[in-house]
Amino acid sequence: MGNDAEMKKNTDRPAAGLDMGVEIAGVKWKNPITTASGTFTLRTMRCYEISRLGAVTTKGIATVPWAGNPTPRIAETYGGMLNAVGLQNIGMEAWIRDELPVLRAHEGLPVIANIVGRTTDEYAEVAARLSETDVDMLELNISCPNVKEGGIAFGTAVEGVFDTTAAVRKATRKPLIVKLSPNVTRIVDMAKAAADAGADALSLINTLLGMKIDVYRRRVVLANKTGGLSGPGIHPVAVRMVYEVRRAVGLPIIGMGGVMSGEDAAEMILAGADAVAVGTAALIRPDAPVRILEELEACMNKMGIASIRELKSALIE
Amino acid sequence: MADAPYRADVRRFSTRVLSNTQLTSNIYDLRIEYAEGAFLPGQFVNLYLNRADRLLPRPISVADGGEGWIRLIYAVVGKGTEIFSRLNPGDALDVSTLIGNGFKPSPHGTVYAVGGGVGVPPVFAAAKKEAARGKRVVAVVGFRAEPILLDDFAGAIGAENVYCAIEDASVIPALEARYPEIRFALGNVVTILSQIIPAEADEKAFMAACGPTPMLKALQEYVKAFDPENDGRSRFELQLSLEERMGCGFGCCAGCVTQIRDPQTGTVRRVGVCSLGPVFAGETVVFYG
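Residues numbered from 1 in each chain as written. Chains lettered and ligands numbered in written order. Predicted model: local features only at pLDDT ≥ 70, side-chain atom pairs only at ≥ 80, totals over all residues. Heavy atoms only, no water.

Asks: Even after reading the chapter, I still don't get the overall build of chain A, so can you show me in this structure?
Replies: Looking only at helices and strands, chain A has 11 helices and 16 strands in total. In terms of overall dimensions, chain A is globule-like: its C-alpha atoms have a radius of gyration of 18 Å, near the 20 Å expected for 317 residues. Taking the principal axes of its C-alpha atoms as reference, chain A extends roughly 55 × 50 × 40 Å. In chain A, which comprises 317 residues, the proportion classed as buried is 60%. Within chain A, residue pairs in contact and separated by at least 24 positions form 70% of the contacts whose partners lie at least 6 positions apart. Element-wise, carbon and sulfur atoms account for 52% of the exposed surface of chain A, whose accessible area totals about 12,500 Å². Looking at charge distribution, chain A has the averaged site of its 35 positive side-chain charges lying 5 Å from that of its 36 negative ones. (Helix = DSSP H or I, 4+ residues; strand = E, 2+ residues; numbered from the N terminus. Rg over C-alpha atoms; globule rule 2.2 N^0.38 Å. Buried < 20%, exposed > 50% of the residue type's maximum accessible area, 1.4 Å probe, protein only. Contact = heavy atoms within 4.5 Å. Areas by Shrake-Rupley, 256 points an atom, 1.4 Å probe, with all protein chains shown as cover. Lys, Arg positive; Asp, Glu negative; His and termini not counted. Charge placed at Lys NZ, Arg CZ, Asp CG, Glu CD.)

Rendered as structure tokens:
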């Protein structure tokens with residue numbers, strides 16, 4: 001708690017002279033903070049000024065609208081939450097027509113479109129269609145645990161990661177981020193497969209597969225039975241995986257998983273991330289991403305570190 | 001971009017408890033300091049526990065409000081609400097700005113405010129507001145055994161306009177003695193509606209409802225029978241306030257969806273209860289199962 005109070009004081013101070021800019025696969029971000037897919041909608045614009053973000057990452061976009069899973073889709077857990085939304089989305093044509101222009105109106109804000117599919121062809125089709133737009137980057141979601149086909153089915157086997165990434169790589173020239181699942185024995189193998197198949201960057205981690213049972217009702221809480229665990233409880237897993245992947249693969253990394261504060265974001269970057277996505281925190285505190293950005297600046301001031309580049313190489317081993 | 005400085009309309013901030021009193025064995029009446037007392041009936045706020053084991057908000061509908069305060073009536077249904085039940089005056093509490101689309105104002109002269117259990121508070125808010133707008137308001141509320149807000153209803157719309165359904169026959173004599181001007185009936189809200197609404201009446205009326213899903217389903221069916229022009233349009237304009245387990249409670253997680261039929265195209269879509277509701281036109285709601 002003492003730390004929090006100190007942090008608050010620092011937050012009020014302007015972050016003079018800090019170089020927060022990063023470059024991810026050739027795309028310049030003014031700071032390293034983005035949104036984690038599935039926690040950003042156009043309604044986020046009512047929570048904070050999204051143009052303050054380094055980049056914005058959308059919810060998964062498919063070829064056609066998906067209805068998602070039945071409810072309950074959400075369960076609370078110690079230090080986090082389970083979700084089984086099941087990639088409900090409006091489909092690529094509606095997204096391009098209704099949402100992309102709204103995001104594009106924010107000057108200097110790179111837009112990362114998260115793409116999903118049931119088959120390799122569907123992933124490639126979304127990638128190809130979005131490549132006709134001025135979207136800045138694509139994030140390939142092969143790690144959603146809440147859909148029966150696609151998603152994690154591709155992301156938990158080396159061949160699946162390689163084949164899906166390769167198919168999408170063939171379909172697009174846009175900078176391609178591959179989002180990795182933590183539900184694997186060796187995440188480094190998945191990272192290498194994505195790199196070998198032509199990924200430009202990696203994002204990790206997606207949610208951890210979990211389940212919650214209501215003891216007194218003696219029922220599984222989520223209609224889908226299982227869901228993806230997110231929130232501060234998974235942060236150490238994410239830090240460990242970013243650390244491992246950083247030492248195995250040279251690609252830029254967007255680190256995510258339970259980032260709740262500026263110090264958590266700094267931890268991700270020290271572990272080897274080039275940028276940081278905020279997800280569950282933004283569902284609990286509506287302005288969390290910009291708050292965490294301010295806290296990260298305060299944290300860097302406190303550490304005596306002047307740039308994200310410097311922070312990334314500051315881990316003492 | 002606009003010159004005006006950006007101001008978020010969804011925010012989380014700390015406020016203070018004014019009072020927290022027990023109404024029934026599991027229902028509590030919480031008043032908190034709240035600068036924006038002007039709410040729309042049906043709107044809710046998120047209450048936060050600030051605990052590692054309870055990170056998600058508890059969305060609670062606003063029952064009443066005034067200069068600098070709002071009133072939130074909640075049932076203890078789990079650990080989170082149990083923690084709220086121990087709040088004392090002066091305690092700090094994290095809360096969100098007002099969220100959701102409330103009941104729209106009645107275009108008709110008569111309003112039926114229909115509520116069940118802990119769904120009654122937002123319906124009370126609607127009844128009070130419509131009465132203040134000069135509408136004739138009839139309240140039909142249902143409880144298993146322990147009614148809430150009956151004095152409040154009587155004060156806002158007149159005791160002669162308050163009807164209360166009770167499922168447990170054994171408690172009715174005591175309730176009748178305690179509230180001599182309010183009429184009680186054994187059964188549910190539809191039992192009472194069937195008694196008080198003449199089948200042949202054709203005047204248009206507004207019906208604001210909130211309660212358990214079986215009750216809302218029953219109301220959806222009930223109003224269909226009143227079709228004076230035989231055109232498939234009920235004389236009751238039904239508005240339903242829905243409940244669903246929420247994640248964020250402000251439209252960013254797609255957790256709390258309900259199925260809504262587009263009246264023009266007939267297409268059923270899953271939409272967020274927190275962002276596009278919680279109040280929906282009654283005939284558009286497609287209940288699960």
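Asks: What is the right way to look at the nonpolar core in this model?
Replies: Looking at soluble globular proteins, one finds that nonpolar side chains tend to be buried together. Residues Trp29(A), Trp95(A), Leu202(A), Leu204(A) and Leu296(A) are the most contacted members of the largest nonpolar core, which totals 134 residues. Top contributing element to this core by residue count: helix H10 (residues 288-303) of chain A, with seven residues. Two domains each put at least three residues into this core: domain 1 (12-96) and domain 2 (110-243) of chain B. Contact partners of Leu202(A), with chain neighbours within four places excluded, come to Ile177(A), Val178(A), Leu180(A), Ala191(A), Ala194(A), Val245(A), Val249(A), Leu251(A), Pro252(A), Ile253(A) and Ile254(A). Grouped together as the second largest cluster of nonpolar side chains are 34 residues, Ile148(B), Ile182(B), Phe184(B) and Val279(B) included. (Core = buried A, V, L, I, M, F, W, Y, C linked by side-chain atoms within 4.5 Å. Domains from an automatic or database assignment.)

Asks: Just checking my understanding: could you explain the domain arrangement of chain B for this structure?
Replies: The parts lose accessible area when they come together, and the size of an interface is often stated as this lost area. Residue and element names in this part refer to chain B. Under the domain assignment, chain B is made up of domain 1 (12-96) and domain 2 (110-243). A separation of 25 Å is found between the C-alpha centroids of domain 1 and domain 2. Residue-level contacts link 16 residues of domain 1 with 13 residues of domain 2. For the pair domain 1 and domain 2, the summed buried surface comes to about 1,100 Å²; carbon and sulfur atoms form 62% of the total. Considering only the side of domain 1, the residues that lose the most area to domain 2 are Pro41, Ala63 and Ile73, jointly responsible for 33% of the buried surface there. There are two salt bridges connecting domain 1 and domain 2. Residue Lys128 is joined to Asp64 by a salt bridge in which the shortest nitrogen-to-oxygen separation is 2.9 Å. Joining domain 1 to domain 2, the criterion identifies three residue pairs in polar contact (both at pLDDT 80 or more). Counting only elements with at least two residues in the side of domain 1 that touches domain 2, the list comes to strand S4 (58-66) and strand S5 (69-75). (Buried area = accessible area lost by both parts, 1.4 Å probe. Salt bridge = Lys/Arg side-chain N within 4 Å of Asp/Glu carboxyl O. Polar contact = N/O pair within 3.5 Å; in protein donor to acceptor, adjacent residues only side chain to side chain.)

Asks: Explain the sheet that holds strand S4 (residues 56-57) of chain A to me, please; I cannot follow it from the model alone.
Replies: Whenever strands of a sheet pair, they do so through backbone hydrogen bonds, lying parallel or antiparallel. Residues and elements named next belong to chain A. If you trace the eight strands from one edge of the open sheet to the other, you get S3-S16-S15-S10-S9-S8-S7-S4, paired in parallel fashion. Because the sheet does not close on itself, it has two edges, and the strands there are strand S3 (33-35) and S4. Two elements, strand S9 (residues 176-179) and strand S10 (residues 201-204), share three bridges in a ladder whose sense is parallel. Residue pairing in the sheet places Val178 in a bridge with Leu202 of S10. Contacting S3 and strand S16 (275-278), H10 crosses the sheet at an angle of about 165 degrees to S3. (Pairing = 2+ DSSP bridges. Axes fitted to C-alpha atoms, helices over the stretch in contact; angles between N-to-C directions.)

Asks: Is there a simple way to think about the pattern of salt bridges in this case?
Replies: Pairing is possible between side chains of opposite charge, provided their charged atoms come close. Residue and element names in this part refer to chain A. Evaluation of the coordinates by the stated rule reveals 31 salt bridges over all chains. With its nearest N and O atoms 3.3 Å apart, the salt bridge here joins Glu23 to Lys28. Looking at Lys28, the relative accessible area reads 63%, which means it is exposed. The shortest N-O distance in the salt bridge between Arg104 and Asp136 comes to 2.6 Å. Here Arg104, found in helix H2 (residues 92-104), pairs with Asp136, found in the loop between helix H3 (120-131) and strand S8 (137-141); they are 32 residues apart in sequence, far enough to count as distant. For Asp136, a relative accessible area of 23% corresponds to the partly exposed category. Each of the salt bridges in this network shares a partner with another, and the network as a whole consists of Glu93, Arg129 and Glu132.

Asks: What is the right way to read helix H6 (residues 187-196) of chain A from this model?
Replies: Since there are 3.6 residues in each turn of an α-helix, residues three or four apart along the chain are aligned in direction. Residues and elements named next belong to chain A. Those residues of H6 that sit buried are Ile187, Val188, Met190, Ala191, Ala193 and Ala194. In this structure, the buried side of H6 is in contact with helix H4 (152-155), helix H5 (158-171), S9, S10 and helix H7 (235-246). Immediately downstream of H6, the backbone of Gly198 shows phi near 105 degrees, a positive value.

Asks: Explanation requested: the interface of chain B and chain A in the structure shown.
Replies: In this assembly, 31 residues from chain B lie in contact with 37 residues from chain A. Together, the buried faces of chain B and chain A total about 2,900 Å²; carbon and sulfur atoms form 57% of this surface. Our count for the chain B to chain A interface comes out at three salt bridges. The partner of Arg58(B) in a salt bridge is Glu76(A), with the nearest N and O atoms 2.6 Å apart. Across the contact surface, chain B and chain A share 18 residue pairs in polar contact (both at pLDDT 80 or more).

Asks: Which parts of the structure should I look at to understand empty space enclosed by the protein?
Replies: If you roll a probe as big as a water molecule over the atoms, it shows you where there is empty space left. All names here are of chain A. Tallying each qualifying case throughout the model produces two cavities of 30 Å³ or more. Reported here for the largest cavity is a volume of approximately 470 Å³. When residues of the lining of the largest cavity are traced back to their parent elements, those giving at least two are strand S6 (80-83) and helix H9 (280-284). Here the element with the most residues in the lining of the largest cavity is H9; it accounts for three residues. (1 Å grid on protein atoms, 1.4 Å probe; cavity = no way out; pocket = protein on both sides within 12 Å on 5 of 7 lines; lining within 4 Å. Points joined across faces, edges and corners; volume = space filled by probe spheres on them.)

Asks: Where do I start with the sheet that holds strand S14 (residues 226-230) of chain A in this structure?
Replies: All names here are of chain A. Taken together, the four strands give an open sheet; going across it, the order is S5-S6-S14-S11, and neighbouring strands pair in antiparallel fashion. Across the chains shown, the open sheet's two edge strands, defined by having one partner strand only, are strand S5 (74-77) and strand S11 (208-211). Strand after strand, the sheet turns through a mean of 40 degrees between neighbouring axes, direction not considered. Sheet topology places S6 next to S14; three bridges connect them, and they run antiparallel. Directly across from Leu82, in S14, lies its bridge partner Leu229.

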